[in-house]
Each structure stands twice: as structure tokens, then as C-alpha cells.
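Descriptive analysis of the structure
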Amino acid sequence: MTEPPQKRRKTSPPPAPAQQTDDEEVQSTDFKLAVLASLHPDRSQDVLLDYLLAYDGVVGDVTNALSSTSTQANTGQKRAIGYQSSLSAFAIGNKAASDVATAPKSLTKKGRTLHLYSPDDVEAHTPCSIIHNFLSPEDADVLLQELLAEAGTFRRDEFQMFDRTVQSPHTSKFYVDTWEEQQDQKTEYMYNGGAVQDVGKTPPELLRVSHIVRKTVNAEIQRRMERHVDSKKLKFQSPDEWKPNVTFVNCYAGGNESVGWHSDHLTYLGPRAVIGSLSLGVAREFRVRKIVPQVDDSSADEQGQIAIHLPHNSLLVMHAEMQEEWKHSIAPAKSIDPHPVAGNRRLNVTYRCYRDYLHPHRTPRCKCGVPAVLRCVQKRAVTRGRYMWMCHAGFSVGQKSCAYYAWADFDEDGRPPWAEGYKGNANLPAVETAP
Ligand SMILES: O=C(O)CCC(=O)C(=O)O
Ligand SMILES: [Fe+2]
């Protein structure tokens, strides 16, 4: 890591009192989710939860709304096996791929996977950028060796899917840079409702490389911003320098290991987060798909999948557009090319920047007394893009949710009211109702 996170201000005011739901909801969110899951087995838990919040917890209204939209198309589950194609196959008529790149919206197709290999195509068609041959070959090998030695101790995460406890289909480990941060992670920070006990101290190469990643990611953020209207950052995106201070390392041992569709948790990263993701060892496909609020015939193609090829020693930057509006996954691979050093394994390092003002001592707590999780409404058109704090327990093993939620207040730079320099709420309600 480049430098320790800033010291937390102990004098900051507590978070504003949060809106709470009534007891009826407290007792029954899990039950309602289970009912909805049985009525709409093709919908993911995230989607059901978004809808449940949007319709004030009224199961009947949710099920009517879900039944009136097409089903399988917007779930990401039970997808038809993707028709595989290269970028040029998406060109219309005799047009070359380079002509089509000026109209990226028309490129994805429902039920197909668009495969991207070149940095220019990734830049044009996804919220990511990629740098091939990021480290020198020697440095990449040294880091790979270091991580392979660590990977033997990696564990599978456990999470709750309704009434089942599911193990993640790959192993991982979490690293911070100092002993103090290790203690803090073990006692204060919550992931899926519990503290992580297996927190490592960042090993030397991983730390050294984070300095290089920091420089590159900041340059990429600036470059990417030039694509925006008036070359401005996004609303809620932090204007501060991106300083990686925590690292998640994933190991995929063989083509069967994967990670399912998800957006990364924003609780400690804040809105419009940027993540640097380094790939080492076996090349795999990183899939992304846009979250389309209401899927109808005219918008169905927008949510087609895109596969970004991630070779050994490539740095993928997930930009500020990514987590709120797209989902990503590592799909199982039918076959892989073994890597001379890693064999059948792919190591992935995500460098992330935790914000001191989102330390769990400072964020709202739910009625269970546990730091709330930060979520962004992704599906419901009328409140899409709005942030809320909610009870962690809906995402945790064997825990009952208290159904707490409160709209999150952030200024235009993504700072909450208790952060230094807060400029006033820019996350204003679109409607005066529940999410
Ligand atoms: O392995 C990868 O490239 C992605 C990992 C990922 O999405 C995550 O750790 O959140
Ligand atoms: Fe992720």
C-alpha cells in the first residue's frame, strides 16, 4: 500500500437519524423474499430485494410488477447458452468493426456474448479499460510466485441464498497493510454480516505493485473522464486521489472455478468506486452486462453479455460507471491453457480504496445494532441510482434481517454528512416514498 489511511476524526458528529420501517416489515422481509423467490424462481435475490423495497414491502404489488415485465430476459439466471461471436461478427452488413465502434450501443445482442480482446474495444464498449503487459515479465512472475505460495491458505466465502448456505466457487483472501488495520478489520468491519477472521498483512510484492497500480489507475481515471460530457467526473464520484489501501486476492483453480454475477459492495468504497484488478496466471473471461431497468423489446439487446479476455499480467480498471450500472462475473471455462508457472490457476488481485469517512464506526447502524450496508437501487426506474443504507442480515448466513433501510445522503463528491468538507445532499429523493 502507498500510505496508511488517514487517521479517523473522533470528533465528527454521528450520522443523521435514519428512517426506519415498521415492525411488520421487521419480522417478515426474509419471509417475503422467500415467497417472492418461489413465485419468481427466475429472478435473482438482488432484483427481488430492489422490487420489495420499491413497492413498500407489498408482495402482491411486487409480483404484479414482475409479472408484467418479461421474465428470464432480465435475470442473468437460466440464460440461454450464449452465441459466441467476435467483435467483427457484430458488424452490420459489410461494415468493418472499426466503423461499428462509433455506435457501441447497437453491439450487444440478447442471448449473445460479445468477445472483446483489444484495449480500444474494451474502452469503447464497457465501463472498463485494460492494460496488457502491465508489469515487466519478471515482476509479474515474482508477484505470481508470491501469491501462489499464499494461495494454499485461501478459503471459500460462505453466504446465504434464502434458506441455503452457499460456498463461493473459488477461494480468496483479504489483505491490509498494517497490524492496526488487521485488528480493525477483525473487530469492526463486517462482510456478509460477520467480521473476516482471516485478514493477512499485505506481502511485500503485492505492496510494491500497489504503488504502480495507484499511479496507473489515477492516470486512467483522468483519461477516462475526458470521455464524459465536459470532461467532468460523474456525480458522486470522489475528486480525491485514488489510494489503494486494501486488497482482495482471488484464486481460480481450474476452469470450473468462477464467480457469479454481482456488483461489488460499496459500503466502504462509497458511490462511483474505481477498482484496479490485476490478472496473473491462466487467462480467463471477465463478463460484464448492463443492468437494464425495464426490459422490453426495444431495450432487451442492451443487456447482452460482453466477455473481456483477461490474459496473464493485464490490469483491468473498473471505472466509476461500473458498480452501480453493470454486473460482472468470471464464467466457468470449458477449457483453459495451462500457465507455465501457475498451472491451471488464475490469481486475481483487486486493489480497492476504503474511505475513512465510511469506517463502520461512522456509518449508520440498523436495528440489529450492526453497521448497515450501502446499496444502490439498480432496477427500479423511478429510484434507480439512489443510495440507501440497509440491514446487513439479508445477505448473511443464518441471520434474520431487521428490514431497516434509510436513504443515504451524499454530496456531489460522494461524501456523507459526517465527512469533512461535506457540501450538501445531492442524492435527493425522486419520490417521497420507499426505495
Ligand atoms: O477475478 C476477477 O477478475 C473478478 C473478481 C471480482 O469480481 C471480485 O473480487 O469482486
Ligand atoms: Fe467483483
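What comes next concerns the included structure. From a predicted model like this one, the values you see are computed outputs, not experimental measurements.

Rules used in this analysis
Residues numbered from 1 in each chain as written. Chains lettered and ligands numbered in written order. Predicted model: local features only at pLDDT ≥ 70, side-chain atom pairs only at ≥ 80, totals over all residues. Heavy atoms only, no water. Buried < 20%, exposed > 50% of the residue type's maximum accessible area, 1.4 Å probe, protein only. Helix = DSSP H or I, 4+ residues; strand = E, 2+ residues; numbered from the N terminus. Arc of directions from axis to C-beta. Near = heavy atom within 4 Å. Polar contact = N/O pair within 3.5 Å; in protein donor to acceptor, adjacent residues only side chain to side chain. Areas by Shrake-Rupley, 256 points an atom, 1.4 Å probe, with all protein chains shown as cover. Nonpolar A, V, L, I, M, F, W, Y, C, P; charged D, E, K, R; others polar. Pairing = 2+ DSSP bridges. Axes fitted to C-alpha atoms, helices over the stretch in contact; angles between N-to-C directions. Salt bridge = Lys/Arg side-chain N within 4 Å of Asp/Glu carboxyl O. Contact = heavy atoms within 4.5 Å.

What to know about helix 7 (residues 179-187)
Restricting attention to buried positions, one finds in helix 7 the residues Glu 181, Gln 182, Asp 184 and Gln 185. Angularly, the buried residues of helix 7 cover 165° about the axis, an arc narrow enough to put them on a single face. Facing away from the buried side of helix 7 by more than 90 degrees, the exposed set consists of Trp 179, Glu 180 and Thr 187.

A closer look at the site of ligand 1
Close to ligand 1 lie Asn 250, Tyr 252, His 262, Asp 264, Phe 286, His 328, Ile 330, Arg 346, Asn 348 and Arg 352. Note that an oxygen atom of ligand 1 is positioned 2.6 Å from one of the side-chain N or O atoms of Tyr 252. The fraction of the free accessible surface of ligand 1 (300 Å²) that becomes covered by protein chains is 93%. Listed by contribution, the elements that provide at least two residues to the shell around ligand 1 are strand 8 (246-253), strand 14 (326-330) and strand 15 (345-352). The element that contributes the greatest number of residues to the shell around ligand 1 is strand 15, accounting for 3 residues. Across the shell around ligand 1, the residue classes break down as 3 nonpolar, 4 polar and 3 charged.

Some points on the environment of Lys 379
Relative to the helices and strands, Lys 379 resides in the loop between strand 16 (373-376) and strand 17 (387-390). On the accessibility criterion, Lys 379 (4% relative accessible area) is buried. A polar contact of 3.0 Å, which involves the side chain of Lys 379, links it to the backbone oxygen of Val 292.

Section: the sheet that holds strand 17
Pairing is antiparallel across the open sheet formed by 3 strands, whose spatial order is 16-17-18. Only two strands of the sheet have a single neighbouring strand rather than two, namely strand 16 and strand 18 (405-407). With strand direction ignored, the average angle separating the axes of adjacent strands in the sheet is 30°.

Some words on the pattern of salt bridges
Going through the model one piece at a time under the given rule, you end up with 20 salt bridges. Between Arg 223 and Glu 123 there is a salt bridge, with its nearest N and O atoms 2.9 Å apart. In this pair, Arg 223 sits in helix 8 (residues 204-225) while Glu 123 sits in helix 5 (residues 119-125), placing the two residues 100 residues apart along the sequence. The partner of Glu 325 in a salt bridge is Arg 272, and the shortest N-O contact between them spans 2.6 Å. Of this pair, Glu 325 sits in helix 9 (residues 322-325) while Arg 272 sits in the loop between strand 9 (259-262) and strand 10 (275-281), and the two are 53 residues apart along the sequence. Within the structure, one salt-bridge network assembled from shared partners comprises Glu 123, Glu 220, Arg 223, Arg 224, Arg 227 and Glu 321.

A closer look at the side chain of Asp 411
As for its placement among the helices and strands, Asp 411 is situated in the segment after strand 18. If near-sequence neighbours (up to four positions away) are discounted, Asp 411 is found in contact with Phe 236, Gly 421, Tyr 422, Lys 423, Gly 424 and Ala 426.

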